[in-house]
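# Remarks on the overall topology
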Amino acid sequence: MCGRYALFRWNRDFAALPGFPADQQAQWNISPNDSVLMLRAEADGQRTLARARWGLTPPWLTDLSKTPAHARAETVAEQPMFREALRQRRCLLPANGFYEWRGTQRKRPFWLTPGEGSSLFFAAIWEAYPVQEQVWLSTAVITQPASSQRRPLILDEAGQAAWLDPETPLHVLQGLLASEPAALRERVLANLINDPKLNGPECLTPG
C-alpha cells in the first residue's frame, strides 16, 4: 500500500498555477493526515492547486477517526464513501515518487518513480468538510493492484485530462481505473525513511 510519497521538486509552469502556495516547502515523507497539494479543474477548465488533508472527510462523516487515505480502483465507483466524489470531485496529487515496503519478516523500503527528475500524478478524489465558517478540503488516492502490492493509479497526460474533465463519462473513468500499472524505476533505500518524522533528502539514501 502506498502509505508515503514525496513532492520536493517542481517546474516553473507548475509553480505558476493558480493556488500554488507561496510558502510551499519540499515534502520528502508525506504520510496520511498530512497536508498535500491537489490539482483540480474549475468549471472553465482552468487548473488550480489547493491544499488538502490526506484522508477523505465527507461532510456527512461523524467519526473523524475514519478518514480513508486510499480508495480501491476496483470498488470506488460502488462504495457509498467514494462513488459521488468519483463522479463529481476528481483531482490529481502531484508527486516525484512514492515509497513501498517489501518483505515478510524484515521489510525493506523502496523508492519508485518514472525516472530521475520526473514527476507524476496520482488519480484521487476530494471532499469539502465545513467547520463553522471555514471549509476544509480532503482527499484520497486511488490505488490499484500491482506486483503483489497496491500502488497509486498513475495517469499519463491524456488520462490526467480525462480524469479532471467534469464531462468525462463514467465508462471512460472506469477504463482509466482498470488501466495497466505504470512502468516505474525502483531502488532499495536505507531504513532512514522508516522514521515518519524525517523530512529531507536523506529519505532517499540508498540501501
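As a reminder, the structure under discussion sits directly above these lines.
No experiment lies behind these values; they were computed from the predicted model shown.

Attention shifts here to the overall build of the protein chain. On a plain count of helices and strands, the protein chain comes out with four helices and twelve strands. Expected size for 207 residues packed as a compact globule is a radius of gyration near 17 Å; at 17 Å, the protein chain falls within 12% of this value. Dimensions along the principal axes, computed over C-alpha positions, put the protein chain at roughly 45 × 35 × 35 Å. Relative to its full complement of 207 residues, the protein chain shows a buried share of 48%. Once local pairs closer than 6 in sequence are excluded, the contacts in the protein chain between residues at least 24 apart make up 64%.

Turning our attention to empty space enclosed by the protein. In total, this model carries one cavity of 30 Å³ or more according to the counting rule given. Estimates place the volume of the largest cavity at around 40 Å³. What lines the largest cavity is simply Gln-144, Ala-146, Arg-151, Pro-152, Ile-154, Pro-181, Ala-182 and Leu-184.

This part takes up the pattern of salt bridges. Across all of its chains, the model carries eight salt bridges by this definition. Residue Arg-51 is joined to Asp-23 by a salt bridge in which the shortest nitrogen-to-oxygen separation is 2.9 Å. Taken together, the residues Arg-51 in strand S4 (residues 47-54) and Asp-23 in the loop between helix H1 (12-15) and strand S2 (27-30) connect sequence positions 28 residues apart. Exposure remark for Arg-51: the relative accessible area of 37% places this residue in the partly exposed category. Owing to a relative accessible area of 47%, Asp-23 belongs among the partly exposed residues under this scheme. In this structure, the salt-bridge partner of Asp-63 is Lys-66, at a minimum N-O distance of 4.0 Å. Salt bridges here are not isolated pairs; linked through shared partners, they connect Glu-100, Arg-102, Arg-151 and Glu-186.

Given 3.6 residues to a turn, an α-helix orients residues that are three or four positions apart in the same direction. Listed as buried for helix H4 (residues 170-177) are Leu-173, Leu-176 and Leu-177. Seen along its axis, H4 keeps its buried residues to an arc of 100°; they face one direction. In this structure, the buried residues of H4 make contact with helix H2 (83-88), strand S6 (90-95), strand S10 (134-146) and helix H3 (157-164).

Here we take up the environment of His-70. With respect to the secondary-structure elements, His-70 resides in strand S5 (residues 70-72). Between the C-alpha atom of His-70 and that of Thr-139, which follows or precedes it by 69 residues, the distance is 8.6 Å.

For the rest of this paragraph, the subject is the environment of Trp-101. Assignment of secondary structure puts Trp-101 in strand S7 (residues 97-102). Sequence separation between Trp-101 and Leu-189 is 88 residues; the distance between their C-alpha atoms is 9.8 Å. Discounting chain neighbours no more than four positions away, the residues touching Trp-101 are Arg-4, Lys-107, Arg-108, Pro-109, Gln-149, Ile-193 and Asn-194. A polar atom in the side chain of Trp-101 sits 2.7 Å from the side chain of Asn-194.

With that settled, the discussion passes to the side chain of Arg-89. With respect to the secondary-structure elements, Arg-89 resides in the loop between H2 and S6. Take Arg-89: its relative accessible area is 14%, and that puts it in the buried class. Within the structure, Arg-89 has its side chain in polar contact with the side chain of Glu-127 (distance 3.2 Å). Setting aside residues up to four positions removed in sequence, Arg-89 forms contacts with Glu-84, Ala-124, Ile-125, Trp-126 and Glu-127.

About the thresholds
- Residues numbered from 1 in each chain as written.
- Predicted model: local features only at pLDDT ≥ 70, side-chain atom pairs only at ≥ 80, totals over all residues.
- Heavy atoms only, no water.
- Helix = DSSP H or I, 4+ residues; strand = E, 2+ residues; numbered from the N terminus.
- Rg over C-alpha atoms; globule rule 2.2 N^0.38 Å.
- Buried < 20%, exposed > 50% of the residue type's maximum accessible area, 1.4 Å probe, protein only.
- Contact = heavy atoms within 4.5 Å.
- 1 Å grid on protein atoms, 1.4 Å probe; cavity = no way out; pocket = protein on both sides within 12 Å on 5 of 7 lines; lining within 4 Å.
- Points joined across faces, edges and corners; volume = space filled by probe spheres on them.
- Salt bridge = Lys/Arg side-chain N within 4 Å of Asp/Glu carboxyl O.
- Arc of directions from axis to C-beta.
- Polar contact = N/O pair within 3.5 Å; in protein donor to acceptor, adjacent residues only side chain to side chain.

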